[in-house]
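Overview (structure and organization)
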Amino acid sequence: MVNSIPLFVVIPLGCAFILPVIGRRWERAGDLFANLVTVTLLGLAIWSVRFIRETTVYHVGGWGAVNGIPIGIYLVRDGLSIFMLVVVNLIAFVATLYSINYMEYFTDKTKYYTLFMLMLAGMNGVILTGDFFNLYVFIEIAAIASYALVAFGTEAEELEAAFKYQVMGSVGSGFILLGIILLYSYTGTLNMADVGRVILDKGASNLVWFVNVLFIVGFGLKAAVVPFHMWLPDAHPSAPAPISAMLSGVLIESIGVYPLTRIMYNVIGFDGVLSNILIVLAIISMMIGGLLALWQWDYKRLLAYSSISQVGYILLGIGLGTPLGLLGALFHLFNHSAFKGLLFLDSGSIVYSVGTRDLREMGELDRRMPITSKTNLVAAMSIAGVPPFNGFWSKLIIIIACIQAGRYGVAGWAILGSILTFAYILKAERYAFYGKAGRDVADVKESPPFMCIALIILAVICVVAGLMLLPNVRETILFPVVNTLTSGTEYIWRVLR
Amino acid sequence: MIHYLLGILLFVIGLYGVLVKRNLFKIIIGLIIMEYATFLLFALVGFREHGTAPIQPGVAGKVFVDPLPQALVLTAIVIGLGTTALIAGLAVRIYEKYGTLDIRKIKKLKG
């Protein structure tokens, strides 16, 4: 079914325009429509998994190729896009479910859901698009909505964080657009597959190298890779909890890591120099993110630094470039969305019930908030890499991939990174749930039902996601996804066909 | 070639403004300069010497400028308008909360 492809963008975009109109009269419209949209999209994404081995191209507006030259915008659905769609829409579904109760805290729920839907449309668009300029437009849609969502509380800290985030984000977009322009001047086309074809014909000149650098800086800024990470620890904790989960869980991956991977592997072509650059960036991210997380006393800030460190793992697997490394990276991407989403939602539950983000003021919450504390424990075990939770398997695969590729030093750094992860998550766990209470917690209650349901869904996913590695299951789900990357520039012929 | 280099230079001037200036609105102006440098470069990419507008049907052998970048720049300008409006709005709200536009004094977030 080719016609289901644009629905991923059309449905949330349509919802974003309808909501402000009907939300004025009807308070609950946001809750209902946003959840309907995310459930539909999640269903659609899971239904699409059956096409995971195929590459389907949708021509927007019916503008196909003329004399073999694509002139319209292409939306491309292949293994990697479907995988990313499932991840994004899963976390979006859980986040909207969680928002029903959590966003009672804030004043204007309708505007919140409108921005949420815009962000979702942007992310789905980035994942599906096969056109460079379209990629830029969707990145901007997702990014602008996220700037506004970070500032949603309109307190001093939130505004400051949003300003910082937007300045860095705009610089990143500027670099990305500059790269796209230079590619256009070199190849005379904007279709990703066509750009790849021209580069294959003409050979990669110095200009293509310059473009590579621009893309690494631009998407690195979006993905908060370490030299460009300064905005993330401010922006992600300042947003409302479901948005923190979206930003850390999927936004940095879908508008930072995913386009970079797609361009490097499928369009420009991956080689040893790029691989070394990515591995070095990944190791720095893992170490600096992990070390800075250790010093934090603000729970959400600790989690934000940990996101930097976990994105380092994903980049490491992608930088290795071996099939096993890519498998580990993609699996870790899925797992990171699940457990980091869950951790941020748990931190939101604590803020909702206790009213603080400072670890020193928490404590003894394991008896007061049983569901939050159990689900948080599951997420903490996952991120720390305790078997049999999902985080263990993905980190194990990445480390084995390093050893298999003969990079023992890199494997050592990855192990050190996972020890750091264990340390900071243990600190958070101990102070928040088991340590002595820093304040009176006698009247703290468990959070409302929808929030608990959202937490339980993600906790179950954290426990069972390891099953994706079972034989037969991995052949049907993970291997085709890895294949789309390892087959490299064959992407061009699958799209242009 | 010189046009392109001047475009890149303008981009770098904008980046300098973002990185070095201390006033919120000067940072925003830096961002705008960066954005417009990229737009200018984009329009330049489509430029052809002695080219005309590509709207006359049935003319062979004439040089046309590339219309695609012009259309895209229009789109990008609209996006730029949106981001600039949002960030200027944020700056105004920050001024209301902190009473200053100096980023050295706006630092409640640390660590």
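Residues numbered from 1 in each chain as written. Chains lettered and ligands numbered in written order. Predicted model: local features only at pLDDT ≥ 70, side-chain atom pairs only at ≥ 80, totals over all residues. Heavy atoms only, no water.

**Some points on the overall build of chain A**
Within chain A, the secondary structure is distributed over 21 helices and four strands. A globule of 497 residues ought to have a C-alpha radius of gyration of about 23 Å, and chain A, at 21 Å, matches this closely. In terms of overall dimensions, chain A has C-alpha extents of about 75 × 60 × 45 Å along its principal axes. Put simply, chain A has 497 residues, and 67% of those count as buried. Taking contacts inside chain A between residues at least 6 apart in sequence as the whole, the part at least 24 apart equals 80%. If the 31 positive side-chain charges of chain A are averaged to one point and the 29 negative ones to another, these points end up 3 Å apart. (Helix = DSSP H or I, 4+ residues; strand = E, 2+ residues; numbered from the N terminus. Rg over C-alpha atoms; globule rule 2.2 N^0.38 Å. Buried < 20%, exposed > 50% of the residue type's maximum accessible area, 1.4 Å probe, protein only. Contact = heavy atoms within 4.5 Å. Lys, Arg positive; Asp, Glu negative; His and termini not counted. Charge placed at Lys NZ, Arg CZ, Asp CG, Glu CD.)

**As for the packing of aromatic side chains**
For any two aromatic rings, the description comes down to two numbers: the centre-to-centre distance and the angle of the planes. Residue and element names in this part refer to chain A. Counting across every chain of the model gives 22 aromatic pairs over all chains. Where phenylalanine 133 meets tyrosine 136, the ring centres are 5.8 Å apart and the plane angle is 40 degrees; that geometry is what we call tilted. Here phenylalanine 133 and its partner tyrosine 136 are both found in helix α5 (residues 132–150), three residues apart, which amounts to about one turn of the helix. Judged by its relative accessible area of 5%, phenylalanine 133 is buried. Measuring from ring centre to ring centre gives 4.9 Å for tryptophan 297 and tyrosine 431, while their planes differ by 90 degrees; the resulting arrangement is edge-to-face. Here tryptophan 297, found in the loop between α11 (272–294) and α12 (299–320), pairs with tyrosine 431, found in helix α17 (residues 408–434); they are 134 residues apart in sequence, far enough to count as distant. Take tyrosine 431: its relative accessible area is 31%, and that puts it in the partly exposed class. Three or more aromatic residues link up through ring pairs in this structure, and these residues are Tyr98, Tyr102, Phe106, Tyr112, Tyr113, Phe116, Phe152 and Tyr352. Positioned above the aromatic ring of tryptophan 297, the side-chain terminus of lysine 427 is 4.1 Å from the ring centre. Sitting over the ring of tyrosine 431, arginine 430 keeps its end group 5.1 Å from the ring centre. (Phe/Tyr/Trp six-rings, centres within 6.5 Å; stacked < 30°, edge-to-face > 60°. Lys NZ or Arg CZ within 6 Å of the ring centre and 35° of its normal.)

**Section: the interface of chain A and chain B**
The partner chain B presents 35 residues to the 33 residues of chain A that form the contact. Summing both sides of the interface, chain A and chain B together bury roughly 3200 Å²; the carbon and sulfur share of this comes to 79%. Contact with chain B buries surface across chain A, with Glu160, Phe163 and Tyr184 of chain A losing the most and accounting together for 21% of the total. Remark: the boundary between chain A and chain B carries zero salt bridges. Counting across the interface, chain A meets chain B through five residue pairs in polar contact (both at pLDDT 80 or more). Put simply, the parts of the chain that give the side of chain A that touches chain B at least two residues each are α5, α6 (156–187) and α12 of chain A. The element contributing the most residues to the side of chain A that touches chain B is α6 of chain A, with 18 residues. (Buried area = accessible area lost by both parts, 1.4 Å probe. Salt bridge = Lys/Arg side-chain N within 4 Å of Asp/Glu carboxyl O. Polar contact = N/O pair within 3.5 Å; in protein donor to acceptor, adjacent residues only side chain to side chain.)

**Observations regarding the nonpolar core**
Residues and elements named next belong to chain A. Within the largest apolar cluster, 226 residues are counted, with the highest numbers of intra-cluster contacts made by Met123, Phe132, Phe215 and Met246. For this core, the leading source of residues is α6, giving 19 residues. Non-local contacts of methionine 123, meaning those with residues more than four positions away in its chain, are made with Val88, Ala142, Met246, Val250, Leu251, Ser254 and Ile255. (Core = buried A, V, L, I, M, F, W, Y, C linked by side-chain atoms within 4.5 Å.)

**Topic: the pattern of salt bridges**
Residues and elements named next belong to chain A. Following the criterion strictly, the structure yields 14 salt bridges over all chains and no others. Across the salt bridge formed by aspartate 358 and arginine 360, the nearest N and O atoms sit 3.4 Å from each other. On the basis of relative accessibility, which here comes to 47%, the residue arginine 360 falls in the partly exposed class. Within this structure, Arg28, Asp31, Glu104 and Lys109 form a network of salt bridges that share partners.

**Section: a nonpolar patch on the surface**
Residue and element names in this part refer to chain A. Residues Ile456, Val460, Val463, Val464, Leu467 and Leu470 make up a contiguous nonpolar surface patch of about 480 Å² in total accessible area. For valine 463, the location among the structural elements is in helix α18 (residues 449–464). Exposure remark for valine 463: the relative accessible area of 42% places this residue in the partly exposed category. (Patch = residues over 30% accessible without salt bridge, like charges linked within 9 Å, V, L, I, M, F, W, Y side chains within 5 Å. Areas by Shrake-Rupley, 256 points an atom, 1.4 Å probe, with all protein chains shown as cover.)

**Focus: the packing of α5 of chain A against helix α8 (residues 206–223) of chain A**
All names here are of chain A. In contact at an axis separation of 12 Å, α5 and α8 are set at 30 degrees when each is read in the N-to-C sense. Relative to α8, α5 is oriented roughly parallel. Crossing of α5 against α8: the hand is left-handed. Residues Phe132, Leu135, Ile139, Glu140, Ala143 and Tyr147 of α5 form the contact with α8, whose participating residues are Phe215, Phe219 and Lys222. Considered class by class, the residues forming the contact of α5 with α8 number seven nonpolar, no polar and two charged. (Axes fitted to C-alpha atoms, helices over the stretch in contact; angles between N-to-C directions. Parallel < 35°, antiparallel > 145°, perpendicular 65-115°, else oblique. Left-handed = near helix turned anticlockwise from the far one by under 90°. Nonpolar A, V, L, I, M, F, W, Y, C, P; charged D, E, K, R; others polar.)

**Side note on helix α7 (residues 192–202) of chain A**
All names here are of chain A. By the burial criterion, the buried members of α7 are Met192, Ala193, Asp194, Val195, Gly196, Val198 and Ile199. Structurally, α7 contributes buried residues whose contacts are with β3 (69–70), α5, α6, α8, α10 (241–268) and α21 (490–496). Capping the start of α7 is the job of one residue whose side-chain oxygen sits 3.0 Å from the backbone nitrogen of alanine 193: asparagine 191. Phi for glycine 203, located one or two positions after α7, is positive at around 85 degrees.

**What about the packing of α5 of chain A against α6 of chain A?**
Residues and elements named next belong to chain A. At a closest axis distance of 9 Å, the pairing of α5 and α6 adopts a crossing angle of 175 degrees. Regarding the angle of α5 to α6, the classification is roughly antiparallel. From α5, Phe132, Phe133, Tyr136, Ile139, Glu140, Ser146, Tyr147 and Val150 reach across to α6, where they touch Glu158, Ala161, Ala162, Tyr165, Gln166, Gly169, Ser170, Ser173, Ile176, Leu177, Ile180 and Leu183. A breakdown of the residues in the contact of α5 with α6 according to their chemical character gives 13 nonpolar, five polar and two charged.

**Quick notes on unusual backbone geometry**
Residue and element names in this part refer to chain A. Residue proline 388 follows proline 387 across a cis peptide bond; omega there is 5 degrees. Topologically, proline 388 is positioned in the loop between α15 (370–384) and α16 (390–404). Even without glycine at this site, alanine 224 takes up a positive phi of about 60 degrees. Mapped onto the elements of the fold, alanine 224 is located in the loop between α8 and α9 (232–238). Residue class for alanine 224 comes out buried when judged on its relative accessible area of 1%.

**Some words on the side chain of glutamate 158 of chain A**
All names here are of chain A. Structurally, glutamate 158 can be placed in helix α6. One buried charged side chain, glutamate 158, makes no salt bridge at all; its nearest oppositely charged neighbour is arginine 357, positioned 5.6 Å away. Look past the residues within four positions of glutamate 158 in its chain and what remains in contact with it is Val150, Ala151, Gly153 and Ser238.

**Quick word on the pairing of strand β4 (residues 74–77) of chain A**
Residues and elements named next belong to chain A. Burial of the side chains of β4 extends over both faces: Tyr74 and Val76 are buried on one face and Leu75 and Arg77 on the other. Taken together, the four bridges between strand β1 (residues 56–59) and β4 define a ladder with antiparallel strand orientation. Pairing of histidine 59 across the sheet is with tyrosine 74, part of β4. (Pairing = 2+ DSSP bridges.)

As far as function goes, none of this settles anything; it's purely spatial.
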